[in-house]
Amino acid sequence: MIRITTVPALAAVVALSIAAGSLAASPALAQQRGGVEIGGNATVIGLANNAVNAATGFLAKADQNIGSVKGDVNVKGNATVIGLANNAVNASTGFLSSACQTVGGINSESDC
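Quantities reported herein were computed from a predicted structural model and do not represent experimental measurements.

Caption draft 1: Molecular detail of the nonpolar core. By size, the foremost hydrophobic cluster in this structure holds seven residues: V36, I38, A42, V44, V69, V73 and V81. For this core, the secondary-structure elements that each account for two or more residues are strand 2 (36–38) and strand 3 (41–56). In this structure V81 touches V44, G67, S68, V69, G104, G105 and I106, once residues within four positions along its chain are discounted.

Caption draft 2: Representation of the side chain of K70 within the structure. Turning to its location among the elements, K70 is positioned in strand 5 (residues 69–70). A distance of 2.9 Å separates a polar atom in the side chain of K70 from a polar atom in the side chain of D63. Engagement of the side chain of K70 in a polar contact is seen with the side chain of N65, the distance being 3.5 Å.

Parameters at a glance
- Residues numbered from 1 in each chain as written.
- Predicted model: local features only at pLDDT ≥ 70, side-chain atom pairs only at ≥ 80, totals over all residues.
- Heavy atoms only, no water.
- Core = buried A, V, L, I, M, F, W, Y, C linked by side-chain atoms within 4.5 Å.
- Buried < 20%, exposed > 50% of the residue type's maximum accessible area, 1.4 Å probe, protein only.
- Helix = DSSP H or I, 4+ residues; strand = E, 2+ residues; numbered from the N terminus.
- Contact = heavy atoms within 4.5 Å.
- Polar contact = N/O pair within 3.5 Å; in protein donor to acceptor, adjacent residues only side chain to side chain.

In structure tokens form, the structure reads like this:
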């Protein structure tokens, strides 16, 4: 279970992710089994100028999340989620393929 209780803790994670350039490409930053619990005030900001996510082939799946909290989310405080995307492309081709994209959202469904 990830517990977020203060804005500075989350801000540090977001700042590190922006510096690493992985915020737009990963679902639910630092996601673990048990989900995400926000117990205080939290702000999630995702900025993407050009984000491209693609999957091809048998049972292909493409999932892209920009400024999102995803996966068994329990909000007990105040949560602000902002997703800004200039060009966000998400594509999946192939048999039983699916393409999902979330920009600035909170979702308890961890799968695409």
